[in-house]
Amino acid sequence: MIKHLQHPIFSIIKELAAHTKTECYVIGGYVRDRIMGRPFKNDVDILVIGSGIDFANALGEKLRTKVAVYKSFGTAMLVYDGLDVEFVGARKESYRRESRKPIVEDGTLQDDQNRRDFTINAMAYSLNADNYGELLDPFNGLEDIENRSIRTPLAPAETFSDDPLRMMRAIRFATQLNFKIDIHAIQSISDTKDRIKIISKERITDELNKIILSDKPSMGFKYLFDTGLLTLIFPAMCNLHGVDIVDGKGHKDNFYHTLEVLDNVAEMSDDLWLRWAAIMHDIAKPATKRFDKRVGWTFHGHEDKGARMVPKLFAELKLPLNDKMKFVQKLVQLHLRPIVLAQEIVTDSAVRRLLFEAGDDIEALMLLCHADVTTKNEFKKKKYRDNFELVKQKLKDVEERDQIRNWQPPVTGEDIMEVFELGPGKVVGIIKNAIREAILEGDIPNNREAAYHFMVSRGKELNLEPKRTLSLETSK
């Protein structure tokens, strides 16, 4: 496998290892990805039998390059020819039940491979002169790659109990690589799932985001659900599962519908937050579910309640409570609007309102709504998607003509107060809202002159007379 060691850093390490009589190996993700023919990141893990920090410092002197040392982790890193190279000494680990932080001792190559999470990550290439380029694969990781299987080097119950985050990692790797998790490992995850409670929310959500960013994230969520992990880490999503039937009338399983929407979005966009919007779009359906004898099951207002749930769920998951959260919240709030437009005759005023509320997120919203059409009825699917194309064209036409996206009022509250010599108060808001409604309804054009004349007219209806004239050249 010397063809996988063409980067000059490997032969340089080989020379220094021989000179210092040190054993060195490249191990982990780089080996796995090169064998699989996958694009690999620009980082490499070098396993040193002995002190990884001492060897890195010696290599840094040889290369005349800076070495970053992380004593608390026992690692060191340098950059050479575009590659981030991290060095660590071989370790033997043991764990206490209440913590995933191991007790670490110096170890052999075998000890270090034993402690690895999965067989496909335990493979190593020798960087030593006597067997340079030899693949050291004690747990048949190569065979697991061929069989597309995720297995643990040691007994899975031990592996997952020692470090419960590995349960999430198993599902993440299976999802990213389109592998299956070994049946014994699946059973161990189910048996050990409660151990996930000792892992921080941040670490769990980091793995969850990697699952969401995979090509087909539904695969990972099905593993999470089937093993019981999802109930522990994201119960609100689990609540979507199931179908109630009353008087012979049932509704679709909103859990599997959500996964279908998520996969649809994943085919069209790699935006993590748009994918989170897909996950959250029906999150309030369990809370709004009602049975009406005339029409069957309803979920009235689930978009409003769902939008209100988003900040709390983001906080629980330790997701950012910034503009990313607000983006997801907005899409949850608006996700039914284009669907309604696609079912009806599309009016300019309805399109203007949608553009006004969605702003620069209109394209993301339309993509989410397109993904939300999961009916198996091909006639209905074609009808909805054809109508979506009409809505998209209408959005384009109205935006070009009326410039409503990210709308700013052509006459501001300050303008209203200046013209009528008013202080801040309810009347100013009434006039300002009336101008906005008139523009959105198409009663007046979206420009300063039209808005000014409308303002004066509306003011007179409220027994207000203009005291000053407003400049129509530019807004204040």
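Look above for the structure.
Residues numbered from 1 in each chain as written. Predicted model: local features only at pLDDT ≥ 70, side-chain atom pairs only at ≥ 80, totals over all residues. Heavy atoms only, no water.

Chemist: Lay out the overall build of the protein with the relevant residues and their values.
Modeler: Each helix and strand in the protein was counted, giving 24 helices and 15 strands. In the protein, which comprises 476 residues, the proportion classed as buried is 49%. Within the protein, contacts between residues at least 6 apart in sequence are counted, and of these 66% link residues at least 24 apart. By element, 48% of the accessible surface of the protein is carried by carbon and sulfur atoms, the whole surface being about 23,600 Å². Between the centroid of the 71 positive side chains of the protein and the centroid of its 73 negative side chains there is a distance of 3 Å. (Helix = DSSP H or I, 4+ residues; strand = E, 2+ residues; numbered from the N terminus. Buried < 20%, exposed > 50% of the residue type's maximum accessible area, 1.4 Å probe, protein only. Contact = heavy atoms within 4.5 Å. Areas by Shrake-Rupley, 256 points an atom, 1.4 Å probe, with all protein chains shown as cover. Lys, Arg positive; Asp, Glu negative; His and termini not counted. Charge placed at Lys NZ, Arg CZ, Asp CG, Glu CD.)

Chemist: A description of unusual backbone geometry should follow, citing residues and the corresponding values.
Modeler: With a phi close to 55 degrees, Asp247 is a non-glycine residue in the positive phi region. Relative to the assigned elements, Asp247 resides in the loop between β12 (245-246) and β13 (249-250). The class of Asp247 is exposed, set by a relative accessible area of 61%. Here the phi dihedral of Lys318 falls at roughly 60 degrees; this positive angle occurs in a residue that is not glycine. Here Lys318 shows up in the loop between α16 (302-316) and α17 (323-334). The exposure class assigned to Lys318 is partly exposed, which follows from its relative accessible area of 48%.

Chemist: How would you summarise the nonpolar core if you had to cite specific residues and measurements?
Modeler: Among the nonpolar cores identified, the biggest contains 130 residues, and Ile46, Phe221, Phe234 and Trp276 are the most heavily contacted of them. In this structure Trp276 touches Leu208, Asn209, Ile212, Phe234, Leu317, Leu319 and Val328, once residues within four positions along its chain are discounted. Among the nonpolar cores identified, the runner-up in size contains eight residues, and Ile27, Ala90, Leu109 and Leu136 belong to it. (Core = buried A, V, L, I, M, F, W, Y, C linked by side-chain atoms within 4.5 Å.)

Chemist: I'd love a proper account of the environment of Ala236, names of residues and values included.
Modeler: Relative to the helices and strands, Ala236 resides in helix α12 (residues 235-238). Distance in space between the C-alpha atoms of Ala236 and Pro286 is 9.0 Å, their sequence separation being 50 residues. Sequence-distant contacts of Ala236, that is, excluding residues within four places in its chain, are made with Ile283 and Leu313.

Chemist: How would you explain the packing of α16 against α17 if you had to name every residue and give the values?
Modeler: Where α16 meets α17, the closest approach of the two axes is 8 Å, and the angle between their N-to-C directions is 160 degrees. With respect to α17, the element α16 is oriented roughly antiparallel. In this structure, α16 meets α17 at a crossing whose hand is right-handed. For the pair α16 and α17, contact is made by Glu303, Asp304, Gly306, Ala307, Val310, Pro311 and Phe314 and by Lys324, Met325, Val328, Gln329, Val332 and Gln333, respectively. (Axes fitted to C-alpha atoms, helices over the stretch in contact; angles between N-to-C directions. Parallel < 35°, antiparallel > 145°, perpendicular 65-115°, else oblique. Left-handed = near helix turned anticlockwise from the far one by under 90°.)

Chemist: Could you give an account of the side chain of Thr205, naming the residues involved and the relevant values?
Modeler: Checked against the element boundaries, Thr205 lands in helix α9 (residues 201-212). The residues touching Thr205, leaving out its near neighbours within four places in the chain, are Leu317 and Leu319.

Chemist: How would you sum up the pattern of salt bridges? Please name residues and give values.
Modeler: By the definition in use, this model includes 21 salt bridges. Between Arg468 and Glu421 there is a salt bridge, and its shortest N-O distance comes to 3.6 Å. Taken as a pair, Arg468 in the segment after α24 (448-461) and Glu421 in the loop between α22 (413-420) and α23 (426-441) lie far apart in primary sequence, 47 residues in all. Note on Arg468: relative accessible area 46%, which makes it partly exposed. Linked by salt bridges that have partners in common, Arg353, Arg436, Glu437 and Glu441 make up one network. (Salt bridge = Lys/Arg side-chain N within 4 Å of Asp/Glu carboxyl O.)

Chemist: Quick rundown of the packing of aromatic side chains? Include the residues and the values.
Modeler: In total, this model carries nine aromatic pairs according to the counting rule given. Between the aromatic rings of Phe10 and Tyr30, the centroid separation amounts to 5.5 Å while the plane-to-plane angle is 50 degrees, which identifies the pairing as tilted. Taken together, the residues Phe10 in helix α1 (residues 8-20) and Tyr30 in helix α2 (residues 29-36) connect sequence positions 20 residues apart. One aromatic cluster is present, formed by Phe234, Trp273, Trp276 and Phe314 through successive ring pairs. Seen from the ring of Phe299, Lys285 lies directly overhead, with NZ or CZ sitting 4.8 Å from the centre. (Phe/Tyr/Trp six-rings, centres within 6.5 Å; stacked < 30°, edge-to-face > 60°. Lys NZ or Arg CZ within 6 Å of the ring centre and 35° of its normal.)

Chemist: Could you give an account of the sheet that holds strand β8 (residues 124-126), with specific residues and numbers?
Modeler: Spatial strand order, β3-β4-β5-β2-β1-β8-β9: seven strands in an open sheet with mixed pairing. Of all strands in the sheet, those with a lone pairing partner are β3 (68-70) and β9 (135-136), marking the two edges. Relative to strand β4 (residues 75-80), β3 runs antiparallel, the two being bridged by three bridges. Bridging across to β4, Ala68 finds its partner in Met77. Strands β1 (23-27), β2 (43-49), β8 and β9 of the sheet are contacted by α2, whose axis makes an angle of about 55 degrees with β1. (Pairing = 2+ DSSP bridges.)

Keep in mind these values describe shape, not function.
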